[in-house]
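Observations on the model geometry
Residue strings, one per chain:
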Amino acid sequence: MPFDDLSSIDLNLLINSNSWQEKYRLILQWSDLIKPKVILQKPEALLKGCEVDSWITSESIQNRHYFLFDSQSKLIKGLAA
C-alpha cells in the first residue's frame, strides 16, 4: 500500500494563521493529502472512541515507522496529516 506524501505540510502556516477560519481551511486542505484506503478499513484498524469512523495502522520498514491513516471526516484526516 502506498504511503501518503505529507512533505508539503508547513506547520508554521498553521501557527502563524491569524484566524480560526484560516486554520480550519488549511487543515481541510491538508486532508486532501491523505488518499482513501479502502483496504485499511477493517475492524482491527478501527480507532475506538472516535465520533466518526477512522482507521490507523503502522509498518516498520528498515527501522523506520510509517503510519497509514484514513477517516470518513476531512477534518480528522487533516488533523492526522
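Structure first, text after, so check above.
For the structure given in this document, a descriptive report is provided here. (Residues numbered from 1 in each chain as written. Predicted model: local features only at pLDDT ≥ 70, side-chain atom pairs only at ≥ 80, totals over all residues. Heavy atoms only, no water.)

So, about the pattern of salt bridges. The final tally for this structure, using the stated rule, is three salt bridges. Its salt-bridge partner being Lys37, residue Asp4 comes within 2.5 Å of it at the nearest N-O pair. Remark: Lys37 occurs in the loop between α2 (20-31) and β1 (54-61) and Asp4 occurs in the segment before α1 (11-15); sequence separation between them is 33 residues. Where Lys74 meets Asp32, a salt bridge forms, and the shortest distance between an N and an O atom there is 2.8 Å. In this pair, Lys74 is assigned in helix α3 (residues 74-80) and Asp32 in the loop between α2 and β1, connecting sequence segments 42 residues apart. (Salt bridge = Lys/Arg side-chain N within 4 Å of Asp/Glu carboxyl O. Helix = DSSP H or I, 4+ residues; strand = E, 2+ residues; numbered from the N terminus.)

With that settled, the discussion passes to the pairing of β1. Successive side chains on a regular strand alternate, one facing one side of the sheet and the next facing the other. The sheet contact formed by β1 and strand β2 (residues 64-71) spans eight bridges and is antiparallel. Bridge pairing in β2 places Ile61 opposite Arg64. Hairpin connection between β1 and β2: a loop of two residues separates the two successive antiparallel strands, and Gln62 in this loop has a positive phi of roughly 50 degrees. (Pairing = 2+ DSSP bridges.)

So, about unusual backbone geometry. Residue Gln62 is not a glycine yet carries a positive backbone phi of 50 degrees. Relative to the helices and strands, Gln62 is located in the loop between β1 and β2. Positive phi, close to 65 degrees, is recorded for Asn63, a residue that is not glycine. Tracing the backbone shows Asn63 in the loop between β1 and β2.

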